[in-house]
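Residue-level structure breakdown
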Amino acid sequence: MALDQRKTDFTQVGTRPNRPDGLDKVTGKARFGADVTAPGMLFGAILRSPHAHARIKHIDTSKAEALNDVKAIVTRADFSDAIQPAPGLEGEQWNVLENVMAGDTALYDGHAIAAVAATSALAARDALKLIEVEYEVLPHVTDVDKAMAKDAPVIREGAADYSVPDGMHPNVVRYHESGHGDVEAGFAKADLVVEEHFVTEATHQGYIEPHACLAQLGQDGKGELWCCTQGHWYVQKNCAALLGIETSQLRVTASEIGGGFGGKTTVFIEPVALALSRKSNRPVKLVMSRPEVFRATGPTASTSMDIKIGMTADGIITAAQGTFRLQGGAFPGAPADMTAMCAFAPYDLQHVQQVGYDIMSNRPKQAAYRAPGSPMAAYAVESVIDALCRKLDLDPVDVRLKNAAREGTKASYGPKFERIGLVETLEAAKAHPHYGAPLKPGQGRGISCGFWFNHGGETSVSLSLSEDGTCQISVGTPDIGGSRASMALMAAEVLGIPYESIRVTIADTATLGYNDVSHGSRVTYASGLATIKAAEDAVAKLSKRAAAKWGIPEDAVKWEDGHAVPSGPNAGNFDPLPLAEITHDMGQTGGPISGHFEATPEGAGVSFATHIVDAEVDPETGKTAVTRYTVIQDAGKAIHPTYVEGQFQGGAAQGIGWALNEEYIYGEDGRLQNAVFLDYRIPVASDLPMIDTVIVEVPNPGHPFGVRGVGETSICPPLAAIANAVSAAAGVRLHALPMSPPRILAALEQQRASNS
């Protein structure tokens, strides 16, 4: 999208007003997914597979149906039969349906088999116990490397697409390769080449609010759905397809959301609740338990990675090569391509090659988690760069500055970068007091860079002015990080009215054009751009009314600080006309004044971050304490700096959990062993240090205010920065995440044994 000019002087953007939804959230008035009710409402519950892989031979629901409290039971037969298996890229909707409700095979522990609607939640759960399912247990595989082995059980024949080379195991369903130059020639120029292998376990997004919805669908195909989601138009489209109804007949409203981080960008229970409602002809509420969230919603992929990097004695990277294997559960979709493309993106490399494999296993279908794939890639690559720096006795920031991508650099995945801010984050890191601060005995310091693409996507915004001069904005992207405040600030900047005079509402699917999911760090960029354009549309109409009142041409009026004014001395001598005076009379001067904009903006602008971490390791227990943390990231332009800092800190906090404790643990039977927060340990406040932030502002040329997305890049560097700090503190490098106390103790004991 071509932008005529970019604004650089601001009066309201960059300030820190209170968030408009803050009072409702701290007083409990805000309504989340499970808070919605309806008269005559039933309660749903889902029967899930106890096996990692099993053929479903027979389902008998007669005993459950005989209960007075049970009003409906659904199985796969109650969903649309128009969606047929279609292996490859065209079959994603079938994959979604197969994940929502198993067909003839249970593909993972926790896969939905049947669902009940009853008069109470307890009655629904009791009814599940009466459903009899005859299974034929099949061999399973949950490990990414074992899933590629020749003797691995096949999850589903024919799922691979055209990209997979001949001879690969059927569980390898997509292949990616990119890069440029001649890596072997590059390695030959290096003074030192390091090649290492890394693995990471799957982690969950850890949102506090489980998935919840209330569905009402009549026999006439007309329905309403309230749900906690990051994208209600996506929910509308997919639920309509899975239920075989027209999209426009299903109205979806997004509730407030208690965290998503990418995990609420698809559907799990919503189609099931609609199917139960259609069958019972009553509203049905369905709320997941925490174990269901862990067993049946998408965690990240787990990975197996090989990294090889060559470097000269003075720190120039001569070549880089990476192989990234990702298992994405029992369906295609692991972000192997994104992982590979992110891996070496921070660096200006003459010779680089990256390969990615998308592999199926008997685990739940993976879902996005903040910059999908990039944190794992950064962990492996930045660990090897750190190892090279230590062996060559080079400063890790100086080495990254020497090799950093700049404007005009050909990215490792192909295109040339426009204006980017990696160098600025590294320079800020080197100048930060943290980087030069002395370390205590037993502590180590780690550095890492990280990269994410950011995204635009389909976006629509409407804005209307009231007679009193206030403004209402309808956006279609659920507010997952304070975006209502950011939209209000950007509109206030254009209109020239107070931030407090603007109310931003998340519109439902019946009242605004299609909007993509709140993902890809796109909301402040794309919805913000549309808000600015909608406000400018309204300003043009305000100026037109002023021109008509003054009897001068429209182009003889300009907008300044909330007023229409003559564009110059030749336009006439008129007093500035405030917005509120124009809107006060709009009923008599042409009717309502509103602004609208829809587009698919494509100038999201990539972003980079550099993190500094101090850590200390207890050699007796293996416990790691992160003692100091600094996040430095390019935001382009921080619309509301407090929310930008919050995104930076949130990414670091989640990264600490991912690096040190969080992991999916599967037993030999293929069942998840730690499906509650007592056993799957996310960080608590006492685990975290104060996290300092530095906002770097290198304007994105693709946004009128210079905005870049900030929600995802902040989780890219932590895994490597913490790993490098732990390596420095413990004197041994770990090659597997999480770096839990048992793993660190084992590494220390192995090192002691090899030194004795």
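Keep in mind it's a predicted model, so treat the numbers as computed, not measured.

Topic: the overall build of the protein
- Per the secondary structure count, the protein includes 20 helices and 27 strands.
- Taking 2.2 N^0.38 as the reference for a compact globule, 756 residues should give roughly 27 Å; the C-alpha atoms of the protein span a radius of gyration of 27 Å, in line with that estimate.
- The 756 residues of the protein split such that 61% are buried.
- Nonlocal contacts in the protein, meaning residues at least 24 apart in sequence, comprise 79% of its contacts between residues at least 6 apart.
- Taken as a whole, the protein presents about 28600 Å² of accessible surface, with 50% of it coming from carbon and sulfur.
- Computing the positive centroid from 64 side-chain charges and the negative centroid from 88, the protein places the two 2 Å apart.

Some remarks on the pattern of salt bridges
- For the structure on display, the rule yields 40 salt bridges.
- A salt bridge links Lys 264 to Glu 209; its shortest N-O distance comes to 3.4 Å. Linking Lys 264 in the loop between β11 (250-254) and α8 (270-280) with Glu 209 in the loop between β8 (192-200) and β9 (212-217), this pair joins segments that are 55 residues apart in sequence. Glu 209 shares its class with Lys 264; the two are buried.
- Its salt-bridge partner being Arg 445, residue Asp 614 comes within 2.7 Å of it at the nearest N-O pair. Here Arg 445 lies in strand β16 (residues 443-452) and Asp 614 lies in strand β24 (residues 607-617), a separation of 169 residues in the sequence.

Some words on the domain arrangement of the protein
- Its domain assignment divides the protein into domain 1 (21-30 + 456-599), domain 2 (42-138 + 205-296) and domain 3 (373-452 + 605-755).
- Computed from C-alpha atoms alone, the centre-to-centre distance between domain 1 and domain 3 is 39 Å.
- Taken together, the contact between domain 1 and domain 3 spans 15 residues of the former and 15 residues of the latter.
- Regarding the contact of domain 1 and domain 3, the summed buried area is about 1200 Å², with carbon and sulfur atoms giving 69% of it.
- Of all residues in domain 1, Ser 521, Tyr 525 and Ile 532 give up the largest surface area on contact with domain 3, accounting jointly for 38% of the area buried on that side.
- Our count for the domain 1 to domain 3 interface comes out at 0 salt bridges.
- On inspection of domain 1 and its partner domain 3, the count reaches 5 residue pairs in polar contact (both at pLDDT 80 or more).
- For the side of domain 1 that touches domain 3, the secondary structure elements donating two or more residues are α15 (483-495) and α16 (523-550).
- The element contributing the most residues to the side of domain 1 that touches domain 3 is α15, with 6 residues.
- Of the residues contributing to the side of domain 1 that touches domain 3, the split by class is 7 nonpolar, 7 polar and 1 charged.

Side note on the packing of aromatic side chains
- Tallied over the full model, the rule gives 18 aromatic pairs.
- Summarising the aromatic geometry, the rings of Phe 451 and Phe 608 are spaced 5.2 Å apart at their centres and angled 45° between planes, so their arrangement reads as tilted. Here Phe 451 is found in strand β16, whereas its partner Phe 608 is found in strand β24, with 157 residues between them in sequence. Comparing Phe 451 with Phe 608, the two get one shared label, buried.
- For the ring pair Tyr 664 and Tyr 680, a centre distance of 6.1 Å and an interplane angle of 85° mean the geometry is edge-to-face. Taken together, the residues Tyr 664 in the loop between α18 (641-660) and β26 (691-696) and Tyr 680 in the loop between α18 and β26 connect sequence positions 16 residues apart. Residue Tyr 664 shares its accessibility class with Tyr 680, and that shared class is buried.
- Sitting over the ring of Tyr 207, Lys 264 keeps its end group 4.6 Å from the ring centre.

Section: the sheet that holds β24
- Reading across from one edge, β16-β24-β25-β26 is the order of the 4 strands in this open sheet, with mixed pairing throughout. Among the strands making up the open sheet, the edge pair consists of β16 and β26. Looking at each pair of strands side by side, their axes are set apart by 15° on average, direction ignored.
- By the bridge criterion, 10 bridges tie β16 to β24 in an arrangement that is antiparallel. Counted as the bridge partner of Gln 443 is Glu 616 from β24.

Points about the sheet that holds strand β4 (residues 105-106)
- Spatially, β4-β2-β6 is the arrangement adopted by the 3 strands of the open sheet, whose pairing is antiparallel. One side of each edge strand has no neighbouring strand; the edge strands of this open sheet are β4 and β6 (132-137).
- Here strand β2 (residues 54-60) pairs with β4 via 2 bridges, running antiparallel. Its bridge partner being in β4, Arg 55 is matched across the sheet by Thr 105.

Examining the nonpolar core
- With 92 residues, the main nonpolar core has Ile 309 and Met 739 as its most contacted residues.
- No other element matches the 9 residues that helix α11 (residues 374-392) contributes to this core.
- Non-local contacts of Ile 309, meaning those with residues more than four positions away in its chain, are made with Phe 187, Leu 192, Val 193, Val 194, Ile 317, Ala 319, Ala 320, Phe 344, Val 381, Val 384, Ile 385 and Leu 388.
- Val 461, Ile 473, Leu 529 and Leu 542 belong to the second-largest nonpolar core, a separate cluster that totals 52 residues.

Here's the deal with the side chain of Gln 647
- Within the secondary structure, Gln 647 sits in helix α18.
- We classify Gln 647 as buried; its relative accessible area is 19%.
- At 2.8 Å, the side chain of Gln 647 and the side chain of Arg 370 are in polar contact.
- Among all residues touching Gln 647, those that are not within four sequence positions of it are Arg 370, Gly 481, Val 710, Gly 711 and Ser 714.

Describing the pairing of strand β13 (residues 302-311)
- Counting buried positions along β13 gives 9 out of 10 residues, so the element sits mostly inside the fold.
- Examined bridge by bridge, β8 and β13 share 9 bridges and lie antiparallel to one another. Note that in β13 the partner of Glu 195 across the bridge is Lys 308.
- Across 10 bridges, β13 lies against strand β14 (residues 317-327) in antiparallel orientation. Following the sheet pairing, Ile 307 is matched in β14 by Gly 322.
- Adjacent in sequence and paired antiparallel, β13 and β14 are bridged by 5 residues, among which Gly 315 carries a positive phi angle near 95°.

Observations concerning helix α13 (residues 422-431)
- When we look at burial in α13, the residues that qualify are Leu 422, Val 423, Thr 425, Leu 426 and Ala 429. Take α13 and look down its axis: the buried residues cluster within an arc of 160°, on one side only.
- Close packing links the buried residues of α13 with α12 (396-403), α14 (433-436), β16, β24, β25 (624-634) and β26.

A word on the environment of Ala 564
- With respect to the helices, strands and loops of the structure, Ala 564 is situated in strand β21 (residues 563-566).
- A relative accessible area of 0% means that Ala 564 is categorised as buried.
- Along the primary structure Ala 564 and Val 384 are separated by 180 residues, whereas in three dimensions their C-alpha atoms are 59 Å apart.
- If near-sequence neighbours (up to four positions away) are discounted, Ala 564 is found in contact with Ala 546, Trp 550, Val 557, Lys 558, Trp 559, Asp 575, Pro 576, Leu 577 and Ile 582.

Reading the values: the criteria
- Each residue is numbered by its place in its chain's sequence as written, counting from 1.
- Given that the model is predicted, a residue must reach a pLDDT of at least 70 before its local features are reported, and side-chain atom pairs must reach 80 or more before they are shown or counted; all residues, however, enter totals for whole chains, interfaces and linings.
- As a rule here, side-chain values come from all non-hydrogen atoms in the structure, and water together with hydrogens is ignored.
- Every helix listed is a DSSP run of H or I at least four residues long, and every strand listed is a run of E at least two residues long, numbered separately from the N terminus.
- Computation of the radius of gyration draws on C-alpha atoms alone. For the globule rule, the value is 2.2 Å times the number of residues to the power 0.38.
- Throughout this description, buried means an accessible area under 20% of the type-specific maximum (1.4 Å probe, protein chains only), exposed means over 50%, and partly exposed covers the range between.
- Throughout, a contact is declared for two residues whenever any of their heavy atoms are within 4.5 Å.
- Only the protein chains shown count as cover for residues, and the accessible areas themselves come from Shrake-Rupley with a 1.4 Å probe.
- Positive residues here are Lys and Arg, negative ones are Asp and Glu, while His and the chain termini are left out of the count.
- Throughout, a charge is located at the NZ atom of Lys, the CZ atom of Arg, the CG atom of Asp or the CD atom of Glu.
- A pairing counts as a salt bridge when a side-chain nitrogen of Lys or Arg comes within 4 Å of a carboxyl oxygen of Asp or Glu.
- An automatic or database domain assignment is the source of the domain bounds shown.
- Accessible area that two parts lose when put together, with a 1.4 Å probe and added across both, is what the buried area reports.
- Within 3.5 Å is the distance limit for a polar contact, defined as a pair of N or O atoms, with the added protein rule that one can donate a hydrogen and the other accept it, and that residues adjacent in sequence qualify only through two side-chain atoms.
- Put simply, Ala, Val, Leu, Ile, Met, Phe, Trp, Tyr, Cys and Pro go in the nonpolar bin, Asp, Glu, Lys and Arg in the charged bin, and everything else, Gly too, in the polar bin.
- Stacked, tilted and edge-to-face are the three classes applied to pairs of Phe, Tyr and Trp rings, where Trp contributes its six-membered ring and a pair requires centres within 6.5 Å; stacked means planes under 30 degrees apart, edge-to-face means over 60, and tilted covers the rest.
- Remark: a charge is flagged as sitting over a ring if the NZ atom of Lys or the CZ atom of Arg is within 6 Å of the ring centre and within 35 degrees of the ring normal.
- The pairing criterion for strands is at least two bridges between them, as found by DSSP.
- Axis definition: a line fit to C-alpha positions, over the contact stretch in the case of helices; interaxial angles, taken between N-to-C directions, run 0 to 180 degrees.
- Only buried residues count toward a nonpolar core, which is a set of Ala, Val, Leu, Ile, Met, Phe, Trp, Tyr and Cys residues joined through side-chain atoms within 4.5 Å.
- Of all possible arcs, the one meant is that of the directions from the helix axis to the C-beta atoms.

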